[in-house]
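Examination of the molecular architecture
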Amino acid sequence: MSAEIGSDRTLIQGAGGNTSLKGHGGELWVKASGVWLADATQDRVFVALDRAAVLRCVAGGVEPGPGTRLVRDETLRPSIEATLHAVLPQRVVLHVHSVNAIAHAVRRDAAGVVAGRLAGLDWAWVPYARPGLPLTRAAQAAMTGMPEVLLLQNHGLVVAAEDVGRAAALLAEVEARLAVPARAAPPADEDRLAQLAAASQGAYRPAMPAEAHWGATDLDSLRLARRGALYPDHVVFLGASPMPILASPDGMAAVLSAMPPCVLVPGAGALVKAGGGHAVDEMLACFGLVAARLSPDWSVRTLTRGQEAELLGWEAERYRRSLGRQPS
């Protein structure tokens, strides 16, 4: 199930998102930081933790350390969201970066709009907090009882259930209720991008998924790219906002001087820094998929400069950013 949702770009992009399973012996199996859920049936992507030890860390206000692991393995770190998985009582927890959920979660009127769509489900709205322990604390404060659905402001979606089948069915139901049609975006100008990549002397290449170009070819999405970041992974993998935009043909010199992870070329598409793995491509695709679902008439909340700085300066996110899987 983890591999299946990890292969669906509308739910998971790159190393984003995480799943967990609580065993009957008190263990918590949670996705490791920086690995891809899409690889769950091929590689080791889960870490076993002592759930009671993680809960003691939450109570003490500290992030879980090596002492919470049941099997010491320095090659994998538990997800930064391990504390959130631990405090939820259900055995199966799915945390996804659903583009439909994010399209609602960034709206300033999100809580009211979503209330109608999720009527009848046991759900809670969680105000934005930095991933990790701050988000866990925010979720605890927002929960009454044992909700099965958490909508995380400017972040994503969590569903929790007692078994995999129920969790998968609940995720599908929430997705159907939150579904937002995407605007059609013009295709990338492949010739223009190839010319610019050649002008960069191999420093940049065209982004790979078609959706990665939507943020540059769709004018409404491009305007949003100039405003700011919508969710944490945007900042972690694409850098501080606003996204770099190539305003003129001679602007490539400035791009090569700064070497940002990516650059948007209005009307043409996106370029990404060569040799850096596939994570930036996936995050550009996430932005394209989310932005295409946001109406220009909606009032949208972006992350503040302080919230962006908090993410960029966090060692846990620098570690996750360093584990870039190569393009396939």
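Here, the structure is the one placed above.
What counts and what doesn't
Residues numbered from 1 in each chain as written. Predicted model: local features only at pLDDT ≥ 70, side-chain atom pairs only at ≥ 80, totals over all residues. Heavy atoms only, no water. Salt bridge = Lys/Arg side-chain N within 4 Å of Asp/Glu carboxyl O. Helix = DSSP H or I, 4+ residues; strand = E, 2+ residues; numbered from the N terminus. Buried < 20%, exposed > 50% of the residue type's maximum accessible area, 1.4 Å probe, protein only. Arc of directions from axis to C-beta. Contact = heavy atoms within 4.5 Å. Pairing = 2+ DSSP bridges. Axes fitted to C-alpha atoms, helices over the stretch in contact; angles between N-to-C directions.

**Considerations on the pattern of salt bridges**
Scanning all chains against the criterion turns up ten salt bridges. Salt-bridge contacts for Arg9 lead to Glu282; the nearest nitrogen and oxygen are separated by 2.9 Å. Pair noted here: Arg9 is in the loop between α1 (2–6) and β1 (18–22) and Glu282 is in helix α13 (residues 279–291), with a separation of 273 residues, a long-range link. With a closest N to O distance of 3.0 Å, Arg130 and Glu63 form a salt bridge. Within this pair, whereas Arg130 is found in the loop between β5 (123–126) and α6 (133–142), its partner Glu63 is found in the loop between α2 (51–60) and α3 (82–87), the two being separated by 67 residues in sequence. On the accessibility criterion, Glu63 (34% relative accessible area) is partly exposed. One network of salt bridges, with partners in common, ties together Arg9, Glu211 and Glu282.

**Focus on helix α10 (residues 219–227)**
For α10, the set of buried residues is Ser221, Leu222, Leu224 and Ala225. The arc enclosing the buried residues of α10, seen along the axis, measures out at 160 degrees, which places them on a common side. Taken together, the buried residues of α10 touch α9 (214–217), β9 (262–265) and α13.

**Looking at the environment of Ala110**
Mapped onto the secondary structure, Ala110 falls in helix α5 (residues 110–117). Between the C-alpha atom of Ala110 and that of Tyr128, which follows or precedes it by 18 residues, the distance is 12 Å. Discounting chain neighbours no more than four positions away, the residues touching Ala110 are His104, Ala105 and Trp125.

**With respect to the sheet that holds β1**
In space, the seven strands of this open sheet follow the order β3-β2-β1-β4-β7-β6-β5, with mixed pairing throughout. Strand pairing shows two members of the sheet lacking a second neighbour, β3 (46–50) and β5, which therefore form its edges. Each strand of the sheet is rotated relative to its neighbour by a mean of 15 degrees, with strand direction disregarded. The sheet contact formed by strand β2 (residues 27–31) and β3 spans five bridges and is antiparallel.

**Points about the sheet that holds β9**
Note: strands within a sheet are paired through backbone hydrogen bonds, in either parallel or antiparallel orientation. Strand order across the open sheet formed by three strands is β8-β10-β9, with antiparallel pairing between neighbours. With one partner strand each, in any of the chains shown, β8 (204–206) and β9 form the two edges of the open sheet. Neighbour-to-neighbour, the strand axes of this sheet turn through a mean angle of 30 degrees, independent of strand direction. Judged from the three bridges that link them, β8 and strand β10 (residues 269–273) form a sheet pairing that is antiparallel. Bridging from a neighbouring strand, Arg205 pairs with Val272 of β10. In this fold helix α8 (residues 190–199) packs onto β8, β9 and β10, with an angle of close to 30 degrees to the strand it touches most, β10. Against the sheet, α13 engages β8, β9 and β10, with an angle of about 155 degrees to β10.

**Some words on unusual backbone geometry**
Going from Ser241 to Pro242, the amide bond is cis rather than trans, its omega being -5 degrees. Within the secondary structure, Pro242 sits in the loop between α11 (232–238) and α12 (252–258). Phi at Asn154 takes a positive value of approximately 50 degrees, unusual for a residue other than glycine. One can find Asn154 in the loop between β6 (149–152) and β7 (156–161). Classification of Asn154 as buried rests on a relative accessible area of 0%.

**Some points on α6**
Of all the positions in α6, only Leu133, Leu135, Thr136, Ala138 and Ala139 are classed as buried. For α6, the elements touching its buried residues are α2, α3, β5 and β6.

**A look at the environment of Ile5**
Within the element layout of this structure, Ile5 appears in helix α1. Put simply, Ile5 and Arg91 are 86 residues apart on the chain and 18 Å apart in space, counted from C-alpha to C-alpha. Beyond its immediate stretch of four places on either side in the chain, Ile5 contacts Leu11, Ile12, Thr19, Leu37, Val96 and Leu171.

**Concerning the pairing of β1**
With respect to burial, β1 is a largely interior element, four of its five residues being buried. Relative to strand β4 (residues 92–96), β1 runs antiparallel, the two sharing four bridges. Bridge pairing in β4 links Asn18 to His95. Counted along the chain from β1 to the antiparallel partner β2, the turn is four residues long, and its residue Gly26 has a positive phi close to 90 degrees.

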